[in-house]
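# Notes for the structure review
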Amino acid sequence: MKILQVCPASFGLPEGGVAECVNNVARVLAQRHDVTVYGINPGGLPRTQKIDGVRVERFKHYAPSGAYYFSVE
């Protein structure tokens, strides 16, 4: 099964909260399924990457006052 998760943070970085939950669930699901996570790119990280069997795609974003994230991509 193909699974897509969208995360308001960057996959693979220790951030806690929702990001930590997405990280843990994606890694477990990737043991049996094709998992992709869309997240933000805080800078300096590759646009696409494979981490623990999870395909990660990161996007440029805008975060006014850090209140929410918006990505044109």
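Let us look at the structure shown here. (Residues numbered from 1 in each chain as written. Predicted model: local features only at pLDDT ≥ 70, side-chain atom pairs only at ≥ 80, totals over all residues. Heavy atoms only, no water.)

### Describing the side chain of Asn23
By secondary structure assignment, the location of Asn23 is in helix α1 (residues 17-29). With a relative accessible area of 4%, Asn23 lands in the buried category. Aside from chain neighbours lying at most four places away, what touches Asn23 is Phe11, Gly12 and Leu13. (Helix = DSSP H or I, 4+ residues; strand = E, 2+ residues; numbered from the N terminus. Buried < 20%, exposed > 50% of the residue type's maximum accessible area, 1.4 Å probe, protein only. Contact = heavy atoms within 4.5 Å.)

### Quick notes on the nonpolar core
Ranked by size, the top nonpolar core spans 13 residues in total, and within it Cys7, Phe11, Ala26, Val35, Val37, Val54 and Val56 carry the most contacts. Per-element accounting of this core gives the leading share, three residues, to α1. For Ala26, the contacting residues outside a window of four places in its chain are Gln5, Phe11, Val35, Val37 and Val54. (Core = buried A, V, L, I, M, F, W, Y, C linked by side-chain atoms within 4.5 Å.)

### Looking at the sheet that holds strand β4 (residues 54-59)
Sheet architecture is open: four strands sit in the order β1-β2-β4-β3, paired in mixed fashion. Both edges of this open sheet fall to β1 (2-6) and β3 (48-51), since each of them pairs with a single strand only. If you compare each strand with its neighbour and ignore which way they point, the axes differ by 25 degrees on average. Relative to β4, strand β2 (residues 34-40) is paired through five bridges, and the arrangement is parallel. Within the sheet, the bridge partner assigned to Gly39 lies in β4 and is Arg58. (Pairing = 2+ DSSP bridges. Axes fitted to C-alpha atoms, helices over the stretch in contact; angles between N-to-C directions.)

### So, the environment of Pro42
Tracing the backbone shows Pro42 in the loop between β2 and β3. In sequence terms Pro42 and Ala9 are 33 residues apart; their C-alpha atoms lie 8.4 Å from each other. If we ignore the near neighbours within four places in the chain, the residues touching Pro42 are Ser10, Leu13 and His61.

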